[in-house]
Amino acid sequence: MALALDAKETFVSEFDAFVKTLDRGQPDWLAGRRREAIATFRKLGFPTTKHEDWKYTNLAPLLQVPFRPAILGRPERIPQEQLEAYTFGVLKTSLLVFVNGRYARRLSYLRPLPEGVRVASLAEVLRDEPEAVEVALGRRVRIDDNAFAALNAAFLQDGAFVEIPKNTTVEEPIHLLFLSSSRDSPLVSYPRNLILLGPRSRAAVIETYAGWSPDVYLTDAVTEVAVGPASALDHYTMVRESEAGFHMGTMSVDQDRDTSVVCHSISLGGKIARNTVITKFHGEGGSLLLNGLFMTEGTQQADNYTRIDHAAPACTSVELYKGILNDRSRGVFNGNIVVRPGAQKTVARQTNKNLLVSKDAFVDSTPGLEILADDVKCSHASTIGQLDEAAIFYLRTRGIDEEASRHILTYAFIADVVNQVKEAPIRIKLDRLILSRLPRVAGLEETP
Amino acid sequence: MLEINGLHVRIGNKEILKGIDLSVRAGEVHAVMGPNGSGKTTLAQVLAGRVSYEVTAGQALFGGKDLLAMKPEDRAREGVFMAFQYPVEIPGVSNAYFLKAALNAIRKYRGEDEIDAMDFVSLVQERMKLLGLDESFMKRGLNEGFSGGEKKKNEVFQMAVLEPKFCILDETDSGLDIDALRLVADAINVMRSPKRSMLVVTHYQRLLDYVTPDVVHVLVDGKIVKSGDADLARNLEKHGYGWILEEAPGPAP
């Protein structure tokens with residue numbers, strides 16, 4: 001508790017220094033929102049395990065680090081050819097690279113985009129044309145119950161602004177790559193992404209958060225998404241932070257009528273990774289697939305908080321989260337589904353399955369359904385288990401050794417999550433990342 | 001090929017096999033019959049290497065090697081195959097991936113190269129025909145959502161692809177309709193060869209109508225109480241196990 005208080009004061013005191021470094025040209029509305037946000041944060045403080053939504057994740061390791069805003073750190077030079085580790089092979093994407101939260105023009109490139117599509121650095125938009133984001137920025141993410149979103153609102157500076165006009169399909173995915181490193185002293189960056197899809201449009205956006213070096217750093221990211229009527233979005237979040245890095249991510253999605261959204265939340269890295277996904281159906285006929293995977297090892301913690309708000313009738317949400325926990329790692333799945341009064345004909349299916357591959361690993365799974373309409377189909381299922389010894393024996397009786405059998409069965413456990421990734425190069429990349437985390441087995445490089 | 005001497009096995013505190021002696025020579029098909037609970041499946045599983053069974057006495061030599069000292073995977077690589085009574089469903093692993101992994105593990109053990117992709121496809125297609133399996137089969141998850149009959153066919157199909165020296169068939173006939181039974185029996189007969197032996201564990205005569213055994217053993221209460229030729233199986237079908245239990249020494253179960 002004292003730790004949380006001290007850390008709070010540190011962040012609050014940094015705010016004044018941070019504000020002085022900003023361009024004088026900062027619009028008044030933004031300066032005002034920052035002040036409100038830091039006041040909100042001051043009121044909230046950092047969550048402790050007494051907070052219902054943070055019951056299973058102790059932030060002490062994060063709170064004892066004296067982070068400084070990354071804007072005060074030295075710029076990092078990253079060679080272009082080393083970005084390959086984070087991109088998707090043959091997949092053609094626009095790529096916006098951010099280093100310690102700041103747009104790196106030199107490393108970024110845009111593929112030809114349909115007319116009217118805007119893919120830009122938020123900092124540049126705030127400098128050159130702030131009115132373009134004045135209404136939307138901060139509108140879709142609540143900060144009064146989310147200390148990290150409040151901090152982000154106070155310190156936000158850069159990130160991606162993606163705007164797709166009506167009746168427009170962007171064929172190639174837009175990849176936002178956030179690389180972090182700290183060097184001398186631990187840095188915190190506050191990426192803020194704003195993704196707006198007009199009516200009858202279609203796009204795919206990938207966010208990758210990765211550690212550039214094995215330093216201690218904090219990425220406090222917020223992504224706001226609005227999907228217009230009859231539009232479709234495929235969204236991927238790949239958390240590949242370094243083993244000493246912290247990731248606190250919040251994504252908030254508003255879905256208009258007849259929208260189709262797929263959110264993949266892939267959490268592989270970070271000492272503590274908190275992946276918050278909050279979605280809301282505002283119009284009828286929407287569909288959502290929330291497809292989550294978390295893999296932890298060592299002393300990693302992955303905390304997945306999701307909330308799906310059925311505020312409109314006749315929408316369908318399918319949520320599938322799977323966790324594989326190794327060594328002494330910890331995992332959390334906290335899945336909330338709210339069906340509001342009048343949201344009839346809602347279909348909501350939630351599944352969380354966890355595989356413990358070490359006897360010292362631990363996972364907490366808390367499904368939460370709050371159903372206030374009567375004509376709905378809702379279900380949830382949650383399991384925590386180990387590999388099936390009968391299945392291991394079966395494979396071994398066919399000549400496959402025990403280690404390989406465990407490898408195959410571990411991969412098989414998450415195959416359905418991986419198979420939800422329809423874009424082949426992304427799926428292949430994901431496969432490789434997953435297999436690199438499983439015990440290596442000669443002759444079994446291909447996936448089951 | 002397989003020499004079992006004085007084999008005692010227990011699960012927990014319960015002794016299941018109480019001194020089994022069995023000798024199967026190359027090319028022979030032996031049937032092990034017996035009432036429920038007599039230890040048939042235990043015998044099959046212990047030969048395949050299931051760990052929850054504790055061998056308290058006796059030995060099993062396979063080609064002169066101590067079978068019971070080997071890991072399950074090494075038994076398979078040496079050429080022992082058991083068709084499970086209840087095959088496990090493994091969603092997320094395709095039949096194709098699984099079979100290739102198994103085949104290559106066995107080849108590697110024998111110092112052979114991994115099978116060429118084209119050779120694998122043609123081998124698999126040929127064996128699929130044997131069991132009347134269709135093209136989609138290889139892409140499906142291993143036994144995932146298979147009917148009882150499909151699972152049993154898959155066991156025999158795997159056996160046909162892996163070409164073991166010693167095949168243990170544990171109640172392979174149960175759950176098969178008459179057409180499937182015939183297909184499975186034909187496949188087993190195709191695989192009979194002077195170099196391959198089989199141990200057919202079954203409660204009923206059904207499968208033995210098609211796969212004629214060289215030797216039939218009757219297992220009662222963990223012991224082989226009678227051995228004979230194929231006529232013994234037919235007698236059991238006609239008269240049940242009662243007359244054997246009366247003849248058998250020791251307390252009736």
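Analysis parameters
- Residues numbered from 1 in each chain as written.
- Chains lettered and ligands numbered in written order.
- Predicted model: local features only at pLDDT ≥ 70, side-chain atom pairs only at ≥ 80, totals over all residues.
- Helix = DSSP H or I, 4+ residues; strand = E, 2+ residues; numbered from the N terminus.
- Rg over C-alpha atoms; globule rule 2.2 N^0.38 Å.
- Buried ≥ 20, exposed ≤ 12 C-beta atoms within 10 Å, placed from the backbone.
- Contact = placed C-beta atoms within 7 Å.
- Expected span 1.5 Å × (residues − 1).
- Pairing = 2+ DSSP bridges.
- Axes fitted to C-alpha atoms, helices over the stretch in contact; angles between N-to-C directions.
- Nonpolar A, V, L, I, M, F, W, Y, C, P; charged D, E, K, R; others polar.
- Core = buried A, V, L, I, M, F, W, Y, C linked by C-beta atoms within 7 Å.
- Domains from an automatic or database assignment.
- Parallel < 35°, antiparallel > 145°, perpendicular 65-115°, else oblique.
- Left-handed = near helix turned anticlockwise from the far one by under 90°.
- pLDDT = per-residue confidence, 0-100.

Moving on, we come to the overall build of chain A. Counting its secondary structure elements, chain A contains eight helices and 21 strands. Taking 2.2 N^0.38 as the reference for a compact globule, 448 residues should give roughly 22 Å; the C-alpha atoms of chain A span a radius of gyration of 21 Å, in line with that estimate. Taken over the C-alpha atoms alone, chain A extends approximately 70 × 55 × 45 Å along its principal axes. For chain A, buried positions account for 53% of its 448 residues. Put simply, 82% of the contacts in chain A that link residues at least 6 apart link residues at least 24 apart.

Right, let's talk about the overall build of chain B for a bit. When you go through chain B residue by residue, the secondary structure sums to eight helices and twelve strands. Whereas a compact globule of 253 residues would reach a radius of gyration of roughly 18 Å, chain B reaches 18 Å, a difference of no more than 12%. The dimensions of chain B, computed from C-alpha atoms along their principal axes, are 55 × 40 × 35 Å. Residue burial in chain B is summarised as follows: out of 253 residues, 43% are buried. Of the contacts made within chain B by residues no fewer than 6 positions apart, 71% connect residues no fewer than 24 positions apart.

All names here are of chain B. When you tally the buried positions in helix α1 (residues 40–48), you get eight out of nine residues, the bulk of the element. Buried residues of α1: Lys40, Thr42, Leu43, Ala44, Gln45, Val46, Leu47 and Ala48, and no others. Positive backbone phi, at 110 degrees, marks Gly49, one or two positions downstream of α1.

Over its 14 residues, helix α6 (residues 178–191) of chain B extends 20 Å from the first C-alpha to the last, a length consistent with the 20 Å expected when each residue adds 1.5 Å. Of the residues making up α6(B), those classed as buried are B:Leu181, B:Leu183, B:Val184, B:Ala185 and B:Ile188.

A few words now on the sheet that holds strand β17 (residues 316–325) of chain A. Residues and elements named next belong to chain A. Read from one edge of the open sheet, ten strands run β3-β2-β6-β9-β11-β13-β15-β17-β19-β21, paired in mixed fashion. The sheet is open, and its two edges are formed by β3 (102–103) and β21 (376–385), each paired on a single side. Two strands pair when backbone bridges link them, and β17 and strand β19 (residues 346–356) are joined in this way by ten bridges, in the parallel orientation. Of the residues in β19, the one forming a bridge with Glu319 is Gln350. Across the face of the sheet, helix α7 (residues 402–419) comes into contact with β15 (287–296), β17 and β19 while running at roughly 160 degrees to β17.

What follows concerns the pairing of β21(A). Residue and element names in this part refer to chain A. For β21, the tally of buried residues reaches only zero of ten residues, placing the bulk of the element at the surface. Pairing of β19 with β21, which is carried by ten bridges, proceeds in the parallel orientation. Counterpart to Arg349 in the pairing with β21 is Ser379.

Of the residues lining the interface, 26 residues belong to chain B; the matching set on chain A comes to 19 residues. Listing elements by their share of the side of chain B that touches chain A, those giving two or more residues are α2 (72–78), β7 (90–94), α3 (95–109) and α5 (148–162) of chain B. Counting residues per element, the side of chain B that touches chain A draws most heavily on α3(B), at seven residues. Of the residues in the side of chain B that touches chain A, the class split is 16 nonpolar, five polar and five charged.

Judged by nonpolar contacts, the single largest core of 195 residues is most densely connected at B:Leu47 and B:Ile168. Ranked by residue count, the leading element in this core is α7(A), at nine residues. Two domains each donate at least three residues to this core, and these are domain 1 (2–283) and domain 2 (401–448) of chain A. When neighbours within four sequence positions are excluded, B:Leu47 is seen to be in contact with B:Ala60, B:Leu67, B:Val80, B:Met82 and B:Ile168.

Time to look at the packing of helix α4 (residues 117–130) of chain B against α5(B). Residues and elements named next belong to chain B. For the pair α4 and α5, the least separation of the axes is 9 Å and the interaxial angle reads 140 degrees. On the basis of their axis angle, the class for α4 and α5 is oblique. Crossing of α4 against α5: the hand is right-handed. Residue-level contacts link Leu123, Val124, Arg127, Met128 and Leu130 of α4 to Phe157, Ala160 and Val161 of α5. In terms of residue class, the contact of α4 with α5 is made up of seven nonpolar, no polar and one charged.

When pLDDT is averaged along chain B, the result is 92; 98% of the residues meet or exceed 70. The complex prediction reports pTM at 0.89, with the ipTM value standing at 0.95.

Below, the discussion takes up the environment of B:Leu133. Residues and elements named next belong to chain B. Here Leu133 shows up in the loop between α4 and β8 (141–142). Leu133 gets classed as partly exposed once you count the C-beta atoms within 10 Å, which come to 19. In this structure the C-alpha to C-alpha distance between Leu133 and Arg234, which are 101 residues apart in sequence, comes to 31 Å. Each residue touching Leu133, except ones within four places of it in the same chain, is listed here: Met128, Lys153 and Phe157.

The subject of this paragraph is the sheet that holds strand β6 (residues 80–83) of chain B. All names here are of chain B. Read across the sheet, six strands follow the order β6-β9-β10-β3-β11-β12 without closing on themselves; strand pairing throughout is mixed. What marks the edges here is a single partner per strand, and that holds for β6 and β12 (223–228). Averaged over all pairs of adjacent strands, the angle between their axes in this sheet comes to 20 degrees, without regard to strand direction. Pairing of β6 with strand β9 (residues 166–170) involves four bridges; the strand directions are parallel. Bridge pairing in β9 links Met82 to Ile168. Along the sheet face, α5 touches β6 and β9 and points at about 165 degrees away from the line of β6.

Bringing the pairing of strand β8 (residues 192–197) of chain A into the picture now. Residues and elements named next belong to chain A. In terms of residue burial, β8 counts as a mostly covered element, since six of its six residues are buried. Across four bridges, strand β5 (residues 160–164) lies against β8 in parallel orientation. Looking across to β8, one finds that Val162 is bridged to Ile195. Where β8 lies against strand β10 (residues 217–227), six bridges are found, and the strand directions are parallel.

Quick look at the domain arrangement of chain A now. Residue and element names in this part refer to chain A. For chain A, the assigned domains read domain 1 (2–283) and domain 2 (401–448). For domain 1 and domain 2, the distance between their C-alpha centres works out to 29 Å. Across the boundary between the two partners, domain 1 contributes eight residues, which contact nine residues of domain 2.

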